[in-house]
Amino acid sequence: MKFFADTANLDEIRRVKSMGLLDGVTTNPSLVAKESMDFHKLIGEICELVQGPVSAEVTATEADKMLLQARELSSISEHVVVKLPTTTEGLKALVRCVDEGIKTNMTLVFQPIQALAVAKIGATYVSPFLGRLDDIGQEAMAMLTSIRTIYDNYDFDTQILAASLRHPLHIVQAAEIGADVATLPPAVFEKMLAHPLTDIGLERFLADWKKAQG
Ligand code: E4P
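Here the residue index of a chain counts from 1 through its sequence in written order. Predicted model: local features are reported for residues with pLDDT of at least 70 only, side-chain atom pairs are reported and counted for 80 or more only, and whole-chain, interface and lining totals are derived from all residues. Heavy atoms throughout the structure, all of them, feed into the side-chain values; hydrogens and water do not.

Asker: Please set out the overall build of the chain residue by residue, giving values where relevant.
Answerer: The helix and strand tally for the chain stands at 11 helices and eight strands. With the C-alpha coordinates aligned to their principal axes, the bounding extent of the chain is approximately 75 × 40 × 30 Å. The buried share of the chain, reckoned over its 214 residues, is 44%. Surface exposure here means Shrake-Rupley accessible area, sampled with a 1.4 Å probe, where a residue is shielded only by the protein chains that are shown. Carbon and sulfur atoms make up 54% of the accessible area of the chain, which totals about 11100 Å². For helices the rule is a DSSP run of H or I covering at least 4 residues; for strands it is a run of E covering at least 2, with both sets numbered from the N terminus onward. For every residue, the accessible area obtained with a 1.4 Å probe (protein chains only) is divided by the maximum for its type, and the residue is called buried under 20%, exposed over 50%, and partly exposed between those limits.

Rendered as structure tokens:
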């Protein structure tokens, strides 16, 4: 399973990278809006840092304009993956991006049929938003399992990018189901390694070591 960091903050990306777990980055307009840097410049710097797939989202809602933004974004770096909303207009833009060889990440997916549609057209990634479904009491992991089954049934190449993950258990469940990628907020990277018994165990080892040294 690949791990992407779900952030547009350069310091956070550097921190995750230093942990040795960073395969890529996902951003969205809300995350970019928190940063005080020009959007294209920011995406360029993230690509430099990551040297792997970096999702950058269009903000247009009409297919022709989405395509123009997709072309601009993909010209920033070979690492850019253009995020398109999974709407009718987004699908029209996807068809044209696929024709032009622009890598895509279809975002805001909340049901398996949306994932089936974008895979048929040839999206590079599909992003089911698991946490947001959990938030409203729906079975997020059932959706993920269904998407995995459909993709395996038809041998689709689209990679499943488990998104909107809130905690380490989400990652484990997504990995068991077979998501290709998990995109995690930086705080979840830190939480992944935390266990009270690890801390207590280390404390005891060091105390015993100190005692033996006199
Ligand atoms: C993924 O690409 C999205 O940016 C992200 O996972 C959304 O997560 P949220 O539901 O925590 O905003």
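Moving on, there is more to tell.
Asker: Summarise the site of the ligand; cite the residues concerned and give the values.
Answerer: Residues in contact with the ligand, as listed here, are Asp6, Thr26, Asn28, Lys83, Phe129, Arg132, Ala163, Ser164, Arg166 and Thr183. Polar contacts, as counted here, are pairs of nitrogen or oxygen atoms within 3.5 Å of one another; within protein the pair requires one atom able to donate a hydrogen and one able to accept it, and residues that are adjacent in sequence qualify only if both atoms are side-chain atoms. A distance of 2.9 Å is found between an oxygen atom of the ligand and a side-chain nitrogen or oxygen belonging to Asp6. Between Ser164 and the ligand, the recorded distance is 2.7 Å, taken from a backbone N or O atom to an oxygen atom. Coverage of the ligand by the protein chains reaches 86% of its 340 Å² of free accessible surface. Gly counts as polar in this scheme, as do all residues outside two lists: the nonpolar Ala, Val, Leu, Ile, Met, Phe, Trp, Tyr, Cys and Pro, and the charged Asp, Glu, Lys and Arg. Its residues placed into classes, the shell around the ligand shows two nonpolar, four polar and four charged. Near residues are defined by distance, with any heavy atom within 4 Å of the molecule or strand qualifying the residue.

Asker: With reference to specific residues and values, describe the packing of aromatic side chains.
Answerer: One pair of aromatic rings is described through two measures. These are the centre distance and the angle between the planes. What counts as a ring pair is set by centres within 6.5 Å for rings of Phe, Tyr and Trp (its six-membered ring), and what kind of pair is set by the plane angle: stacked under 30 degrees, edge-to-face over 60, tilted for all other angles. Scanning the model with the defined rule gives five aromatic pairs in all. With 6.1 Å between their ring centres and 90° between their planes, Phe3 and Phe189 make a pair best called edge-to-face. With Phe3 in strand S1 (residues 2-6) and Phe189 in helix H10 (residues 186-192), this pair connects stretches of sequence that are 186 residues apart. Centre to centre, the rings of Tyr154 and Phe156 are 6.0 Å apart; their planes meet at 40°, and the pair counts as tilted.

Asker: Pulling in residues and values, what's your account of helix H3 (residues 39-50)?
Answerer: An α-helix turns once every 3.6 residues. As a result, residues three or four positions apart point the same way. With 12 residues, H3 ought to run about 16 Å at 1.5 Å a step, and its terminal C-alpha atoms sit 16 Å apart, in line with that. For H3, the set of buried residues is Leu42, Ile43, Gly44, Ile46, Cys47, Leu49 and Val50. If you follow the buried residues of H3, they end up packed against helix H1 (10-18), strand S2 (24-26), helix H2 (29-33), strand S3 (54-57) and strand S4 (80-85). Sitting at the amino-terminal end of H3 is Asp38, which places a side-chain oxygen 3.3 Å from the backbone nitrogen of His40. At the exit of H3 stands Gln51, carrying a positive phi of roughly 55°. Helices are assigned an expected span. That span is 1.5 Å times one less than the residue count. Residues count as neighbours in contact if any of their non-hydrogen atoms are within 4.5 Å of one another.

Asker: So what about the sheet that holds strand S5 (residues 104-109)? Which residues, and what values?
Answerer: Think of a sheet as strands paired side by side through backbone hydrogen bonds, with each pair either parallel or antiparallel. Any two strands are treated as partners once DSSP identifies two or more bridges connecting them. An order of S1-S2-S3-S4-S5-S6-S7-S8 is seen for the eight strands of this closed barrel, with the pairing classed as parallel. Direction aside, neighbouring strands of the sheet carry axes that sit 30° apart on average. For S1 and strand S8 (residues 181-184), the ladder comprises four bridges, and the chain directions are parallel. By the bridge assignment, Ala5 is partnered in S8 with Leu184. Angles here are taken between N-to-C directions and fall from 0 to 180 degrees, while the axes themselves are lines fitted to C-alpha atoms, restricted in helices to the stretch in contact.

Asker: Can you break down a nonpolar patch on the surface residue by residue, with the values?
Answerer: Exposure above 30% relative accessible area and the lack of any salt bridge qualify a residue for a patch; like charges then connect within 9 Å, and the nonpolar side chains Val, Leu, Ile, Met, Phe, Trp and Tyr within 5 Å. In what follows, salt bridge is the name for a side-chain nitrogen of Lys or Arg lying within 4 Å of a carboxyl oxygen of Asp or Glu. A contiguous nonpolar patch, built from Leu202, Phe205 and Leu206 and spanning about 350 Å² of accessible area, is present on the exposed surface. Note that Leu202 resides in helix H11 (residues 196-212). Taking relative accessible area as the criterion, Leu202 reaches 49% and is therefore assigned partly exposed.

Asker: Kindly report on the pairing of strand S7 (residues 159-162), identifying the contributing residues and their values.
Answerer: In regular strands, side chains alternate between the two faces of the sheet. Relative to S7, strand S6 (residues 125-128) is paired through two bridges, and the arrangement is parallel. Along S7, the bridge assignment pairs Val126 with Ile160. Sheet analysis places S7 next to S8, joined by two bridges and oriented parallel. In the strand pairing of S8, Leu161 is matched with Val181. We call a crossover right-handed when, viewed with both strands directed away from the observer, the connection leading from the first strand over the helix to the second proceeds clockwise. This β-α-β element, S7 to helix H9 (residues 168-177) to S8, shows right-handed connectivity.

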